[in-house]
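Architecture and fold: a report
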Amino acid sequence: MSLHLYDTSTRTVREFVPVEPGRVSMYLCGATVQAPPHIGHIRSGVNFDVLRRWLLRQGYDVIFCRNVTDLDDKIIRVAASEGVPWFVVSERNQRAFTWAYDQLGCLPPTVEPRAMGHVPEMVELMRRLMDKGHAYASGGDVYFDVVSYADRYGKLSNQKLENMRAAGDTDTDSLKHDPRDFALWKGAKPGEPTWPTPWGRGRPGWHLECSAMATKYLGGTFDIHGGGVDLIFPHHENEIAQSQAAGDGFARYWLHNGMLKLGGEKMSKSLGNSLLIPDMLRKVRAVELRYYLVAAHYRSAIDYSDEALQEAAAGYRRIEGFVTRAAEVIHDVDAAAPLPQAFVDALDDDLNVSQALAVVHEVVREGNVALAQGNKEQVARLLAETQNMLDVIGLDPRSEQWRTTGDSGLREVVDALVAVALEQRQAARARKDYAAADAIRDQLAAAGIVVEDTPQGPRWELAR
Ligand SMILES: Nc1ncnc2c1ncn2[C@@H]1O[C@H](COP(=O)(O)OP(=O)(O)OP(=O)(O)O)[C@@H](O)[C@H]1O
Ligand SMILES: [Zn+2]
């Protein structure tokens, strides 16, 4: 089987074939930066990071564009409440998002455009829509005329125009030709930042931003557009309407991640039920949080619980335990070793990471048996398979990312210190000074280090 993905626009799992052989262009709706990220935002980030890594593993050259919405009503409100300019709020929170994506091991985007740096591209898109009769200016605003695009509007979200309710703010209904028309551009309001257009000063509507940025960096037709299911309507429906009405092919596959919820409700900056990343990193290590966020199928909803998080962390530590022990015996890991077919099939089947992780756990179980039997050849093969699979999901404990962050960065240092202590314990045993040998073991235990004697010699672990 080749890669198949669930495409919201056709409501089917279909074969992924990029526009250009060997190259994949991908756009992900990134953050509106009125507040720092919660784990729901980062769930979206890490799930699309796994897709990107899977495409890279298959040899594709991937152009990944994730935008930042650096100005909107919510940012303006936060800035006003703090008495600072809008960009103070968006810069601060954008840094918090970047930090969080980095902590969770997301590869940096190929390009990360900010909306307010792309106003000329938005004006040009509005011009094209006006010329084709799909947009009109009214009272300083510019609107998309949904009736002019009636036959196709609603395809993505599977609804018919006649059943749709009015878009957004009813205050502006008197300016619209139809209450379902949505704003491409919002006319200047006192105290708000504005940019010039041929139809007056103002600021862009959110939907227009993504259409303009996606096509600027990925072209008129590109492969994958992603975001959370919360964005299907109206945001993505409107992106399609704007871009296709202007004459662009736009995205060929629409992928949506399920929501991370708390008590059954979407985790949301606006609802104030956010679990922020620094707080989460006091509960578990970043790699364990990533494991938790990718372990469920990307399209399913997750209802957050501390218990499930701790269970996921324990699951990851089982994998990590094997990798660490095996790496003590095997020094050269074959990065080109093939991935188990069951793992490949799982990811090719609409990125079924939970199934793929089940394969990892199976290989780890076999690996532990091989370790216990001292079967070095088997251990080498299973360690290579495990690390190569984990690399695709961004979870390899021996990768640069996880070796140098959190407590795993100190592992080599502790390893050397424990080796010295264990040599002394060995020497004490050799001279039959068992009291001294036990004292060394007890001191290590007091420092949180548990020593286990194995047929391959003593090894240590942190007591957790
Ligand atoms: N709870 C969540 N679970 C999963 N993905 C989410 C969640 N909240 C937002 N996302 C996704 O994260 C990305 C960035 O979201 P954005 O900043 O637009 O969030 P938002 O919906 O405005 O946030 P909020 O509702 O928290 O104020 C989008 O792709 C969005 O779909
Ligand atoms: Zn968007």
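Each residue is numbered by its place in its chain's sequence as written, counting from 1. Each chain is given a letter, starting from A, and each ligand a number, starting from 1, according to the order in which they appear as written. For this predicted model, a pLDDT threshold of at least 70 governs which residues receive local features, and a threshold of 80 or more governs which side-chain atom pairs are given and counted, while totals over whole chains, interfaces and linings are taken from all residues. Hydrogens are left out, water is left out, and the side-chain values use all remaining heavy atoms of the structure.

What counts, and what does not: UniProt positions are given in the numbering used here, feature names are shortened, and annotations may be inferred rather than shown by experiment.
As recorded in an unreviewed UniProt entry, the protein goes by Cysteine--tRNA ligase and comes from Microbispora triticiradicis. For the protein, the Subcellular location (unreviewed entry) comment in UniProt is given as "Cytoplasm". Database annotation for the protein, UniProt heading Sequence similarities (unreviewed entry): "Belongs to the class-I aminoacyl-tRNA synthetase family."

**What about the site of ligand 1?**
Heads up, the condition is: Working definition: residue near molecule or strand if any one of its non-hydrogen atoms lies within 4 Å of it. Polar contact is defined as a pair of N or O atoms within 3.5 Å, subject to the rule that within protein one atom must be able to donate a hydrogen and the other to accept it, and that residues adjacent in sequence are counted only when both atoms are side-chain atoms. Note on areas: Shrake-Rupley with a 1.4 Å probe; residue coverage comes only from the protein chains shown. Under the scheme used here, helices are H or I runs from DSSP no shorter than 4 residues and strands are E runs no shorter than 2 residues, and both carry numbers assigned from the N terminus. Here the nonpolar group is Ala, Val, Leu, Ile, Met, Phe, Trp, Tyr, Cys and Pro; Asp, Glu, Lys and Arg are the charged ones; every other residue, Gly included, is treated as polar.
Neighbouring ligand 1 are 23 residues; T32, D230, L260, K266 and K269 lie closest to it. Between a nitrogen atom of ligand 1 and a main-chain N or O atom of L260, the distance comes to 2.8 Å. Within the backbone of K269, a nitrogen or oxygen atom sits 2.3 Å from an oxygen atom of ligand 1. Across the complex, the protein chains shield 96% of the 600 Å² of accessible surface that ligand 1 would expose by itself. Of all the secondary-structure elements, those providing two or more residues to the shell around ligand 1 are α1 (39-57) and β9 (221-228). Here the shell around ligand 1 gets 3 residues from one element, more than from any other, and that element is α1. Tallied by class, the residues present in the shell around ligand 1 amount to 6 nonpolar, 13 polar and 4 charged.

**What to know about the sheet that holds strand β13 (residues 302-303)**
Convention followed: Any two strands with at least two DSSP bridges between them are considered paired.
One open sheet holds the 3 strands; their spatial order is β12-β11-β13, and the pairing between them is mixed. The sheet is open, and its two borders are formed by β12 (265-266) and β13, each paired with just one other strand. In the sheet, strand β11 (residues 260-262) pairs with β12 via 2 bridges, with the strands oriented antiparallel. Following the sheet pairing, K261 is matched in β12 by K266.

**Observations concerning the pairing of strand β1 (residues 4-7)**
Note: β1 against strand β2 (residues 12-15), 4 bridges, orientation antiparallel. Looking across to β2, one finds that L5 is bridged to R14. Following β1, the chain reverses through 4 residues before pairing antiparallel with β2; R11 in that reversal takes a positive phi of roughly 55°.

**As for the packing of aromatic side chains**
To keep it simple, the criterion reads: Stacked, edge-to-face and tilted labels apply to pairs of Phe, Tyr and Trp rings (six-membered ring for Trp) whose centres lie within 6.5 Å, assigned for plane angles under 30 degrees, over 60, and everything in between, in that order. Residue burial is assigned from relative accessible area. The probe radius is 1.4 Å, only protein chains are included, and a residue is buried under 20% of its type maximum, exposed over 50%, and partly exposed in between. Whether a charge lies above a ring is judged from NZ of Lys or CZ of Arg, which has to be within 6 Å of the ring centre and within 35 degrees of the ring normal.
Inspection of every chain in the model, using the stated rule, returns 14 aromatic pairs. Taken together, a centroid distance of 6.0 Å and an interplanar angle of 45° make the contact between F97 and Y101 tilted. Taken together, the residues F97 and Y101, both in helix α3 (residues 86-103) and 4 residues apart, mark about one turn of the helix. An identical accessibility class is assigned to F97 and Y101; each is buried. Feature note: the residues F144, Y149, Y153 and F182 constitute an aromatic cluster, connected by ring pairs. Lying over the aromatic face of Y253, R14 brings its terminal NZ or CZ to 4.0 Å of the ring centre. Sitting over the ring of Y6, R299 keeps its end group 4.0 Å from the ring centre.

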